[in-house]
Amino acid sequence: MNDTPETSVPQPAVPPAQARNPVSPVALVALLFAALAMAAAAWSWSDSRERIRDLKTELGRLLAETGKETSETRLLARNADDAMRQVSEKVAHIENQMATSQQQQLSLEALYKDLSQGRDQWALAEIEQVLLTAAQQLQLAGNVRAAIIALEGADTRLQKLNKPQFTALRRAIAADLANLRAVPSLDEVGASARIEALVAHHASWPLASAQVSEAVPAQRTGSRTTDIGQELWAELKRLVQIRRVEGNEAVLLPPDQAYFLRENLRLRLLSARLALLAQDQAAFKADLLAVSAMLDRYFNTRDAGVTAALKEVKRLSGLQIIQELPDIKASLAALESTKGNP
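Novice: I tried to follow the overall build of the chain on my own but got confused; where do I start?
Specialist: For the chain, the helix and strand inventory stands at 10 helices and zero strands. For the chain, the succession of helices and strands along the chain, N to C, is α-α-α-α-α-α-α-α-α-α. The buried share of the chain, taken over its 342 residues, is 26%. Sequence separation of at least 24 residues holds for 79% of the intrachain contacts in the chain that already meet a minimum separation of 6. Carbon together with sulfur atoms contributes 57% to the accessible area of the chain, which is approximately 23700 Å² in total.

So this is what it looks like as C-alpha cells:
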C-alpha cells in the first residue's frame, strides 16, 4: 500500500512589524496644557502657603494685643470684685449690728414690762434707746441725718417732761446737735445715681477718630456754560477735605481696641461708684481722674455729650466722700449721770 504523502497546512504569513506612528499634535497640545496646569497649581499652592503664613503672623499680633487689653480689663474687674467684697463685708457687719440692736430692742421691751418706776424712768429708757440708735447710725453707716433726727426727738421728749434734773442732759444733746449740724452733707445716693447716668450714656459718646469734617461740599451749578477750571476746582475741594482731630493716637484705634476702651471706661466708672459706697477717697478720685483722661484723650471733646461728661466727672472728683464725724459721747455720758442721780 502506497503511503499518501501528508499535505502540509499552509501557515499564515507573519505580517512585518509595522512602523510606529509619530506623536500627533493634539497629544502635544494636551501635554502642554497639562504641564501648564501643574505649574499653575504649584504656583497657587505656593501663594496660598505664603498667604496663610502672613495671616498666621497677623493673627498672632492681634491676639497679643487683645491679650494685653484683656489682662488690663481683668485687672480692673478683679479690683472691682475686691471692692465689692469689702462692701459686702461692711454690709454684713452692719446687718450684725442691726441684729444686735434688734435684740437690744427686744430686751428693752421686756424690761419695760418689769419696770415699776415712774414716768421719768420710762422717758430715760426711751431716750437711751434713741441715743444708742443714733450712735450706731454714726459709727456704722455714717448717717448724720438719722442721728440728728434721733437727737431732736430725744430733746423734744425731754422738753415735754420739763424737769430740772434733765437740764444737763438737754445741754449735752444740744451741743452734740450743733456739732452734727455743722458737718457738711454728702448726698451719697445722688452721687451714685450721677455715676450710673454716666455709665448709661458712655456708649453714645463719639470717639475722636469718628469726627466728621465740617467742610461743606461745593454746590454744582446746572448751567452747561460753567467754566471748566471752576468745575475742576470745586470738584477738588469736594474730594479733598482737611480736618483737625484733637490727639492723633485715637485716630489709629482699630475697632477691637475701641471696644476695650469703652469697656475700660465703664469699669472705671463702676469702680468709682464702689469706692464711693466704700468711702475710699483715694480710689474714688483715681478712678474719676482716669475716666477724665480717657475722655479727653480718646473722645471727641467738641461733642456736647462728651463735654457734659467731662464737667460731670470733674464735679464728682471734687466730692469729699470721707468726713470726720463727731460722736455723741457727751449725750450718753450725761444720760448715765442723770440715770445715776434721779
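Novice: Help me out: how do you make sense of the environment of Arg 74 in this one?
Specialist: Topologically, Arg 74 is positioned in helix H1 (residues 25–114). Taking the C-alpha atoms as reference points, Arg 74 and Asn 264, separated by 190 residues in sequence, lie 9.8 Å from one another.

Novice: Looking at this structure, I do not really get the nonpolar core. What am I missing?
Specialist: Note on soluble globular proteins: their nonpolar side chains tend to be buried together. Ranked by internal contacts, the top residues of the largest apolar core, which has 27 residues, are Trp 205, Phe 284, Leu 295 and Phe 299. Those elements that place two or more of their residues in this core are helix H5 (188–201), helix H7 (255–278), helix H8 (281–298) and helix H9 (304–317). Top element by residues in this core is H7. It accounts for seven residues. Those residues in contact with Phe 299 that sit more than four places away from it in its chain are Trp 205, Pro 206, Leu 207, Ala 208, Leu 261, Arg 262, Leu 265, Met 294 and Val 306.

Novice: It is not clear to me how the environment of Glu 336 should be interpreted in this structure. Could you clarify?
Specialist: Looking at the element boundaries, Glu 336 is found in helix H10 (residues 329–340). Remark: the alpha-carbon pair of Glu 336 and Glu 128, spanning 208 residues in sequence, is separated by 8.8 Å.

Novice: In this structure, what is going on with the side chain of Glu 263? I would like to understand it.
Specialist: Structurally, the position occupied by Glu 263 is in helix H7. Only 3.1 Å separates the side chain of Glu 263 from the side chain of Arg 266, close enough to count as a polar contact.

Novice: Where do I start with the packing of helix H4 (residues 167–181) against H10 in this structure?
Specialist: Helix-helix packing is characterised by the crossing angle of the two axes and by the distance between the axes. Where H4 contacts H10, the two axes come as close as 8 Å, and the packing angle between them is 170°. Considered as vectors, H4 and H10 are oriented roughly antiparallel to each other. Listed contacts from H10 to Ala 168, Leu 169, Ala 172, Ile 173 and Asp 176 of H4 are Lys 329, Ala 330, Ser 331, Ala 334, Leu 335 and Thr 338. Here the contact of H4 with H10 is composed, by residue class, of seven nonpolar, two polar and two charged.

Novice: What exactly am I supposed to notice about the packing of aromatic side chains here?
Specialist: Two numbers describe a pair of aromatic rings. These are the distance of the centres and the angle of the planes. The final tally for this structure, using the stated rule, is one aromatic pair. Between Tyr 259 and Phe 260, the ring centres sit 5.4 Å apart and the planes meet at 70°, which makes this aromatic pair edge-to-face. Overall, Phe 260 belongs to the buried group, its relative accessible area being 15%.

What counts and how
Residues numbered from 1 in each chain as written. Predicted model: local features only at pLDDT ≥ 70, side-chain atom pairs only at ≥ 80, totals over all residues. Heavy atoms only, no water. Helix = DSSP H or I, 4+ residues; strand = E, 2+ residues; numbered from the N terminus. Buried < 20%, exposed > 50% of the residue type's maximum accessible area, 1.4 Å probe, protein only. Contact = heavy atoms within 4.5 Å. Areas by Shrake-Rupley, 256 points an atom, 1.4 Å probe, with all protein chains shown as cover. Core = buried A, V, L, I, M, F, W, Y, C linked by side-chain atoms within 4.5 Å. Polar contact = N/O pair within 3.5 Å; in protein donor to acceptor, adjacent residues only side chain to side chain. Axes fitted to C-alpha atoms, helices over the stretch in contact; angles between N-to-C directions. Parallel < 35°, antiparallel > 145°, perpendicular 65-115°, else oblique. Nonpolar A, V, L, I, M, F, W, Y, C, P; charged D, E, K, R; others polar. Phe/Tyr/Trp six-rings, centres within 6.5 Å; stacked < 30°, edge-to-face > 60°.

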